[in-house]
Amino acid sequence: MWISVSGYATHLLDAGGFTKAQVDLPKTRAGGLDAVFLIVYAAEGALTAEAYELAADTAEHSYQAIMRMIRAYPEQVGLARTADDVEALHKAGKRIVLLGMENAYPVGDSIKDVPKWAERGIRYVGLTHIGHNQFSGSSNPRADLNDSENNPGLSALGRQLVKALNQHGILIDVSHVGKKSMLEAIKLSTAPVIASHSSAMSVHANLRNLDDEQLDALKANGGVAQMVAFRSYVAELDPAPAAAISELRQQYLPNGWANANEEQRTSYDAKLTQLRSEHPDVTLAQFVIINYAVNRIGIEHVGIASDFDGGGGVEGWNDASETLNATWELMRRGYTKAQIQALWGGNVLRILRQAEQAAKN
């Protein structure tokens, strides 16, 4: 789940109660969702000291918002800094928060802050996001940042970052990373990597998805590819509602959700619900694109992701309260209890431990 800097864990969006977000504590209970990655995020920008400083400030506010929520509900939720913490919190009957940093951009022009983020509990770091950055080429270059269409691969600083993340037990996240950069990161990493929220290119062509060579490389590395329930990564969208949703965002959320007032948010939600009801949607049955990845690289290398509050969702699994539907769909497809446990977190716990162990060697 993405955390908006403005409003999260305040009176504007108190995750301890029912909210309009796709993930809050009541929804996780209703859907049987025990653990979530909450995301420290800052968008790509210029490769300048001033832009890095602004991004670092955004990331800091995002982190502090997550910690506010955890401190507000200590009897219900806890922060897991290790795989053992995950199991201990689960045994204590608490919901579990793990931290991911989606986009290394706010780390800046050195790797000096990696130890700080490791100590705070960041468990994976995405090398880049939408647009090339100082570390890596992106799967989605941006013309407004003067990005080359050709993936530049890892920079010298990017190679340093991979090594630093390994040394501090932090998983390298290759979602959003261009193919050349991804393969270079896998080759360099001494620990398994994670694709935190991607899908399979052979099932649906999208720049964000992983082709067979990438899936095979991830398997050889021992990593995990989490198949994500993000409509446009799963199947072709009906162009009519896609265009209408874009218009709705411009009309009601011109400055983003966090900067919209209650009336704008309510109107947007109502119009969006109406649109979804009038047009065919990508379904949970289609999301079991998981089958392709399992058949290609083996169930021990596949996981499930939602990207809720970052654009994720399909019909049948539109927020955390509907998470059980995804499990039912897997059961209908013949997956066993042990296989479902592996997909729903067992595989990620394994590579978290392997990354922790690699850091000690």
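Analysis parameters
- Residues numbered from 1 in each chain as written.
- Predicted model: local features only at pLDDT ≥ 70, side-chain atom pairs only at ≥ 80, totals over all residues.
- Heavy atoms only, no water.
- Buried < 20%, exposed > 50% of the residue type's maximum accessible area, 1.4 Å probe, protein only.
- Helix = DSSP H or I, 4+ residues; strand = E, 2+ residues; numbered from the N terminus.
- Pairing = 2+ DSSP bridges.
- Right-handed = clockwise from strand over helix to strand, strands pointing away.
- Expected span 1.5 Å × (residues − 1).
- Contact = heavy atoms within 4.5 Å.
- Salt bridge = Lys/Arg side-chain N within 4 Å of Asp/Glu carboxyl O.
- Arc of directions from axis to C-beta.
- 1 Å grid on protein atoms, 1.4 Å probe; cavity = no way out; pocket = protein on both sides within 12 Å on 5 of 7 lines; lining within 4 Å.
- Points joined across faces, edges and corners; volume = space filled by probe spheres on them.
- Phe/Tyr/Trp six-rings, centres within 6.5 Å; stacked < 30°, edge-to-face > 60°.
- Lys NZ or Arg CZ within 6 Å of the ring centre and 35° of its normal.

Caption draft 1: View of the pairing of strand S4 (residues 122–126). Counted residue by residue, S4 has five buried out of five residues, so it is predominantly covered. Both strand S3 (residues 95–102) and S4 contribute to a ladder of three bridges, which runs parallel. Its bridge partner being in S4, Met 101 is matched across the sheet by Val 125. Chirality of the crossover, the property in question, places the unit of S3, helix H4 (residues 114–120) and S4 among those that are right-handed. Sheet analysis places S4 next to strand S5 (residues 171–173), joined by three bridges and oriented parallel. When the sheet's bridge partners are listed, Gly 126 is paired in S5 with Asp 173.

Caption draft 2: Spatial organisation of helix H5 (residues 156–167). In a regular helix each residue adds 1.5 Å, so twelve residues correspond to 16 Å; H5 covers 17 Å between its end C-alpha atoms and thus fits that length. Residues of H5 that are buried include every one of Leu 157, Gly 158, Leu 161, Val 162, Ala 164, Leu 165 and Asn 166, and no others. Lining the buried residues of H5 we find H4, S4, S5, helix H6 (179–188) and helix H14 (337–360). Gly 169 sits one or two residues past H5 and shows a positive phi near 70°.

Caption draft 3: Local environment of the side chain of Asp 281. With respect to the secondary-structure elements, Asp 281 resides in the loop between helix H10 (262–278) and helix H11 (284–287). Its relative accessible area of 16% is what places Asp 281 among the buried residues. The contacts of Asp 281, once residues within four sequence positions are left out, are Arg 231, Arg 276, Gln 286, Val 314 and Glu 315.

Caption draft 4: Geometry of the pattern of salt bridges. Tallied over the full model, the rule gives 15 salt bridges. For Arg 231, the salt bridge is made with Asp 281, and the minimal N-O distance between the two is 2.8 Å. Remark: Asp 281 occurs in the loop between H10 and H11 and Arg 231 occurs in helix H8 (residues 231–234); sequence separation between them is 50 residues. The salt bridge involving Glu 329 is made with Arg 333; its shortest N-O contact spans 3.0 Å. Residue classification places Arg 333 among the partly exposed positions, given a relative accessible area of 36%. Taken together, the shared-partner salt bridges in this structure form one network comprising Asp 84, Glu 87 and Arg 353.

Caption draft 5: The arrangement of H6 in detail. By the burial criterion, the buried members of H6 are Ser 181, Met 182, Ala 185 and Ile 186. Buried residues in H6, looked at end-on, bunch into an arc of 135°, giving them a common side. Each element contacted by the buried residues of H6 is listed here: H5 and helix H7 (212–221).

Caption draft 6: Examining the layout of surface pockets more closely. In this structure, the second largest pocket occupies an estimated 1000 Å³ of space. Lining the second largest pocket we find 39 residues, and of these Leu 33, Ala 35, Val 36, Trp 344 and Gly 345 sit closest to its centre. Sorting the residues of the lining of the second largest pocket by element identifies strand S1 (35–41), helix H3 (83–91), S3, strand S6 (194–198), strand S8 (302–305), helix H13 (323–332) and H14 as the ones contributing at least two each. Per-element tally for the lining of the second largest pocket: the top contributor is H14, with nine residues.

Caption draft 7: Representation of the packing of aromatic side chains within the structure. Across all of its chains, the model carries seven aromatic pairs by this definition. Ring geometry for Phe 308 against Trp 317: centres 5.3 Å apart, planes inclined by 75°, an arrangement best described as edge-to-face. Look at Phe 308 and you get buried, because its relative accessible area is 1%. For the pair Trp 317 and Trp 344, a centre-to-centre distance of 5.7 Å together with 90° between the ring planes defines the contact as edge-to-face. Note that Trp 317 is positioned in the loop between S8 and H13 and Trp 344 in helix H14, a separation of 27 residues in sequence. By way of ring pairs, the aromatic residues Phe 287, Phe 308, Trp 317 and Trp 344 are connected into one cluster. Lying over the aromatic face of Trp 117, Arg 120 brings its terminal NZ or CZ to 4.8 Å of the ring centre.

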